[in-house]
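Spelled out from the first residue to the last, the chains are:
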Amino acid sequence: MKNRRIPLIAMLAAISAAAVFSGCGGNEKNMTAAGASKEEEELVVSDTHSDDGKEIVGIAMPSVNLERWNRDGAFLQSQFEAAGYEVIKEHADDLIDDQIADIRGMIAANVDLLIIAPVDGSSLTKVLKEAEAAAIPVISYDRLLRDSPYVDYYVSFDNYRVGTLQGEFIRDALDLEHAGGESYNIEITAGDPVDNNARYFYNGMYDVIAPYLEKGTLVVPSGQTDFYTTATSSWSTDLAEERFSGILNSYYAGNKQLSAAICSNDSTALGVTRAITDNYRGGNEVLITGQDADEENLKNLLDGRQTMTVYKALSNETVVTLALGKAIMSGQTPGEDLIEASDFGFACAYDTESYDNGEITVPSYLLEPVVITKDNVDEELVDTGYYSYDEQGYLRAN
Ligand code: GAL
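(A) Broad picture of the pairing of strand β8 (residues 153-157). Within β8, five of the five residues are buried, which leaves the element mostly enclosed by the surrounding structure. Neither face of β8 is open: one carries Y153, V155 and F157, the other Y154 and S156, and all of them are buried. Judged from the three bridges that link them, strand β7 (residues 138-141) and β8 form a sheet pairing that is parallel. From the neighbouring strand, S140 faces β8, where its bridge partner is Y154. In terms of strand pairing, β8 meets strand β15 (residues 364-367) through four bridges, oriented parallel.

(B) Region of the structure containing the environment of S156. Mapped onto the secondary structure, S156 falls in strand β8. Remark: the alpha-carbon pair of S156 and T321, spanning 165 residues in sequence, is separated by 9.3 Å. The residues contacting S156, other than those within four sequence positions of it, are D142, S364 and L366.

(C) How the structure looks around the site of the ligand. The ligand sits among L66, R68, D142, R143, G191, D195, N197, W235, N265, Q291, D292 and K312. Inspection of the shell around the ligand shows a minimum of three residues originating in each of domain 2 (56-157 + 313-366) and domain 3 (159-291).

(D) Structural context of the confidence of the model for the protein chain. Per-residue confidence for the protein chain gives a mean pLDDT of 89, with 87% of residues at or over 70. A low-confidence stretch, residues 1-48 (pLDDT under 50), is modelled with 71 contacts involving residues beyond four sequence positions or located in other chains.

(E) Representation of helix α3 (residues 96-108). The terminal C-alpha atoms of α3, which comprises 13 residues, lie 18 Å apart, in line with the 18 Å expected from a rise of 1.5 Å per residue. Regarding α3, the residues found buried are Q99, D102, I103, M106 and I107. Viewed along the axis of α3, the buried residues span an arc of 135 degrees, placing them on a single side of the element. In the segment just after α3, N110 is the residue with positive phi, at about 65 degrees.

(F) How the structure looks around the packing of helix α9 (residues 266-279) against helix α10 (residues 295-302). One way to put it is that α9 packs onto α10 with a least axis distance of 9 Å and a crossing angle of 50 degrees. Accordingly, the angle class assigned to the pair α9 and α10 is oblique. The hand of the α9/α10 crossing is left-handed. Between α9 and α10, the contacting residues are D266, A269, L270 and T273 on the first element and E296, N297 and N300 on the second.

(G) Spotlight on unusual backbone geometry. Even without a glycine there, the phi angle at D93 is positive, about 60 degrees. With respect to the helices and strands, the residue D93 is situated in the loop between β5 (86-91) and α3. Located in the positive-phi region is D343, a residue other than glycine, with phi close to 50 degrees. By the element assignment, D343 lies in the loop between α12 (337-342) and β14 (348-351).

(H) Quick look at the packing of helix α2 (residues 67-82) against helix α11 (residues 314-329). Taken N-terminus to C-terminus, the directions of α2 and α11 make an angle of 40 degrees; their axes are 9 Å apart at the nearest point. In terms of axis orientation, α2 runs oblique to α11. Seen along the crossing, α2 lies across α11 with a hand that is right-handed. Along its contact with α2, which presents R68, R71, D72, F75, L76, Q79 and F80, the element α11 presents L314, S315, T318, T321, L322 and G325. Considered class by class, the residues forming the contact of α2 with α11 number five nonpolar, five polar and three charged.

Rules used in this analysis
- Numbering of residues starts from 1 in each chain and follows the order in which that chain's sequence is written.
- For this predicted model, a pLDDT threshold of at least 70 governs which residues receive local features, and a threshold of 80 or more governs which side-chain atom pairs are given and counted, while totals over whole chains, interfaces and linings are taken from all residues.
- Any residue with 12 or fewer other C-beta atoms within 10 Å of its own C-beta is exposed, any with 20 or more is buried, and the rest are partly exposed; the C-beta atoms used are placed from the backbone.
- The numbering of helices and of strands both runs from the N terminus, where a helix is a DSSP run of H or I of at least 4 residues and a strand a run of E of at least 2.
- If DSSP finds at least two bridges between two strands, the strands pair.
- C-beta atoms are first placed from the backbone for all residues, and any pair lying within 7 Å is then listed as a contact.
- The C-beta atom of each residue is placed using the backbone, and any residue whose C-beta lies within 6 Å of a molecule or strand is treated as near it.
- Segmentation into domains, and thus their bounds, comes from an automatic or database assignment.
- The quantity called pLDDT is the predictor's confidence in a given residue, expressed from 0 to 100.
- Helix span, as expected, comes to 1.5 Å for every residue beyond the first.
- Think of it as the arc spanned by the lines of direction from the helix axis to the C-beta atoms.
- In this analysis, axes come from line fits to C-alpha atoms, helices being fitted only over the stretch in contact, and the angle between any two N-to-C directions falls in the range 0 to 180 degrees.
- Angular relationships are summarised with four words: roughly parallel below 35 degrees, roughly antiparallel beyond 145, roughly perpendicular across 65 to 115, and oblique for the angles in between.
- Less than a right angle of anticlockwise turn of the near helix away from the far helix marks a crossing as left-handed, whereas a clockwise turn marks it as right-handed.
- Note on residue classes: Ala, Val, Leu, Ile, Met, Phe, Trp, Tyr, Cys and Pro are nonpolar, Asp, Glu, Lys and Arg are charged, and everything else, Gly too, is polar.

Next comes the structure, spelled out in structure tokens:
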């Protein structure tokens with residue numbers, strides 16, 4: 001546990017709250033007064049947390065509505081428990097206030113580490129300050145915690161790369177480099193505007209397609225191209241379906257063709273696929289992108305209704321988080337060395353430059369996303385042990 005300077009009042013509040021919530025006696029606090037004024041007395045706290053055998057890890061996930069977060073939560077919980085930690089895990093149902101309450105409960109329960117995937121990266125500034133006051137280190141999980149200096153590490157995938165993979169897939173599938181005078185209609189569906197990742201996905205994708213939009217090789221008949229116009233609150237399948245049905249009815253009347261629907265993730269791709277199934281009369285197979293390898297989307301992939309998804313091995317993301325969490329809780333300040341020491345067996349980069357959260361640049365461990373199509377799904381998802389086929393011949397995450 002790293003030493004932190006914290007205000008006395010906050011410290012005492014945290015201790016008494018912890019006593020009330022955890023009911024655990026015998027927490028020895030090792031405090032050293034560091035001369036200060038009466039009002040602003042500060043302490044250096046070397047360990048504010050339990051010495052009762054087990055350390056506690058608080059896991060705050062953003063949602064129960066999307067498959068991936070249920071899997072992340074389950075993986076994180078089982079891995080930390082198997083490593084001997086106690087776990088408090090909450091899912092915030094996509095609601096900011098729920099998540100703040102979840103994290104406050106964890107601070108009060110005297111957790112030794114917080115792992116947070118925020119609903120809204122910018123809405124936790126205050127509660128992160130409270131975590132800091134209780135000397136609890138924080139790992140920002142998958143989505144970046146913004147506007148706070150109290151974020152110790154970030155574990156995620158290369159989010160910009162996710163977007164470039166989607167853009168490159170469409171570029172290559174339509175062979176835009178050799179389009180001659182041909183032009184193709186496309187539409188964009190982006191993610192949740194309060195999710196910091198959504199803009200990285202959008203930017204990565206847009207940077208690939210922009211030159212073709214400029215040349216007129218790609219055309220967006222709806223005219224909806226910027227991030228906010230194409231965004232989807234809460235990554236909602238229903239909202240994506242509603243918006244896309246509107247686009248098809250307004251801009252693709254008759255049998256006007258749509259070549260590609262670039263969707264930032266699988267939950268939005270699902271809505272767009274439904275809209276296309278019900279409202280599209282162009283007759284061609286529309287290329288549809290996604291992200292997450294959600295089971296329903298893999299079903300669509302096998303049935304030819306979705307063309308690709310970007311897979312992010314969540315179990316690997318949790319493996320890195322476990323290694324990092326263990327190192328932090330044992331008093332280390334890990335850096336690049338964590339990767340060498342852990343011998344993960346998959347690609348992971350340490351990055352101290354890319355993720356500026358508005359207050360600090362958060363040291364990050366970034367994993368590599370992979371494109372999945374019908375052609376490589378067995379090799380990438382089944383042979384690797386991430387998924388297996390069920391009796392109906394569909395893929396289920398292991
Ligand atoms: C992002 C995450 C994606 C996707 C999306 C919707 O933050 O990186 O994998 O699942 O949220 O929840």
